[in-house]
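# Observations on chain architecture
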Amino acid sequence: MPREVAVIGQGTWYIDDAHRPTATAALRRGLDLGMTHIDTAEMYGDAEIVVGEAIAGRRDELFLVSKVLPGNASRSGTVAACERSLERLRTDRLDCYLLHWPGSHPLEETFAAFERLREQGKILSWGVSNFDVPDLEAAWKAGGEGRIACNQILYNLGERAIEHAVLPWCEAHGVAAVAYSPFGHGDFPGPRTPGGVVLEKIAAAHGATARQVALRFLVRQPPLLTIPKASSAEHAEDNAGAGALRLTADELERIDRAFPLGPRPRRLPML
């Protein structure tokens, strides 16, 4: 990304389902603890509105990201979608704006809109989400060398498909890889499962939690970042605690064995 960004940030998918004061308090507590990278999207219902409330008076502290839906990603549609997001977020700019997944509109049109928005100062950088290697190659060609700031992809202990090809591509091209749903989707390994036992033992050795260990594993090497969601201020504090955690080579290897990579899928998984 074009400037320093918190490696462990804050996601907001389904945050609008939570009690509004609790959700805004969680985001604010995350900001207090240095999780200044906040990710949202027009697809996420009222999440942008919640984020706008949470960041009021603190805009300059954070790296703010939103996304345009593929169905809106024509040249004019992208500009209009961005302006709607800015209004909901109560800000005049996004630090990064993403195409949520590959769609039917030509990438050249979407990226031309991104460049127009960047020239107007409404976005400072742009990227993509849920792009596999062929999609990334097409985006690199359509957008020009060095333009893609990041690729946001599904990545957690149970879903490591990006390690086959997407992550190496991002590393080779200087594109940040931002992991969403780092705890899975309601299927984080329990303390009595084989993998959960490994996480708990490593966590105990560091005075940490299993989720902190999982987050630290997921950002163990550049260009990885992650955006866990927190449903409360306490959860935000737990997520932030992963920032100072350092795992040994042996611990990383134990986690790797407990949650094996698996075969390369035909298509990049996404939620």
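Quick look at the structure, then. This is a predicted model, so every value here is computed, not measured. (Residues numbered from 1 in each chain as written. Predicted model: local features only at pLDDT ≥ 70, side-chain atom pairs only at ≥ 80, totals over all residues. Heavy atoms only, no water.)

### Points about the layout of surface pockets
Estimated volume of the largest pocket: approximately 520 Å³. Residue contributions to the lining of the largest pocket peak at 3 residues, all from helix α9 (residues 233-240). A class-by-class count of the residues in the lining of the largest pocket yields 10 nonpolar, 10 polar and 5 charged. Empty space within the second largest pocket amounts to approximately 170 Å³. Taken together, the residues that form the lining of the second largest pocket break down as 8 nonpolar, 4 polar and 2 charged. (1 Å grid on protein atoms, 1.4 Å probe; cavity = no way out; pocket = protein on both sides within 12 Å on 5 of 7 lines; lining within 4 Å. Points joined across faces, edges and corners; volume = space filled by probe spheres on them. Helix = DSSP H or I, 4+ residues; strand = E, 2+ residues; numbered from the N terminus. Nonpolar A, V, L, I, M, F, W, Y, C, P; charged D, E, K, R; others polar.)

### With respect to the side chain of S129
Locating S129 in the fold gives a position in strand β4 (residues 126-129). For S129, a relative accessible area of 0% gives the class buried. For S129, the contacting residues outside a window of four places in its chain are L98, L99, H100, W101, P102, N151 and Q152. (Buried < 20%, exposed > 50% of the residue type's maximum accessible area, 1.4 Å probe, protein only. Contact = heavy atoms within 4.5 Å.)

### Structural notes on the environment of T22
Assignment of secondary structure puts T22 in helix α1 (residues 20-32). Note on T22: relative accessible area 31%, which makes it partly exposed. Separated by 248 residues in sequence, T22 and M270 place their C-alpha atoms 28 Å apart. If sequence neighbours within four positions are ignored, T22 has contacts with S231 and S232. Reaching out from T22, the side chain makes a polar contact with the side chain of H19 at a distance of 2.9 Å. (Polar contact = N/O pair within 3.5 Å; in protein donor to acceptor, adjacent residues only side chain to side chain.)

### Some points on the packing of aromatic side chains
The final tally for this structure, using the stated rule, is 8 aromatic pairs. Ring plane angle 20 degrees and centroid distance 4.8 Å describe the contact between W13 and Y14, whose orientation is recorded as stacked. Residue class for Y14 comes out partly exposed when judged on its relative accessible area of 38%. Pairwise contacts between aromatic rings join Y97, F111, F114 and W126 into one cluster. The ring of F188 is capped by R211, whose NZ or CZ atom sits 4.6 Å from the centre of that ring. In this structure, R220 is placed above the aromatic ring of F217, and the distance from its NZ or CZ to the ring centre is 4.0 Å. (Phe/Tyr/Trp six-rings, centres within 6.5 Å; stacked < 30°, edge-to-face > 60°. Lys NZ or Arg CZ within 6 Å of the ring centre and 35° of its normal.)

### Points about the pattern of salt bridges
Within the structure shown, the criterion is met by 19 salt bridges. Here E53 makes a salt bridge to R20, at a shortest N to O gap of 3.2 Å. Here R20 lies in helix α1 and E53 lies in helix α2 (residues 47-54), a separation of 33 residues in the sequence. You can call E53 partly exposed: its relative accessible area is 21%. A salt bridge links R160 to E163; its shortest N-O distance comes to 2.7 Å. (Salt bridge = Lys/Arg side-chain N within 4 Å of Asp/Glu carboxyl O.)

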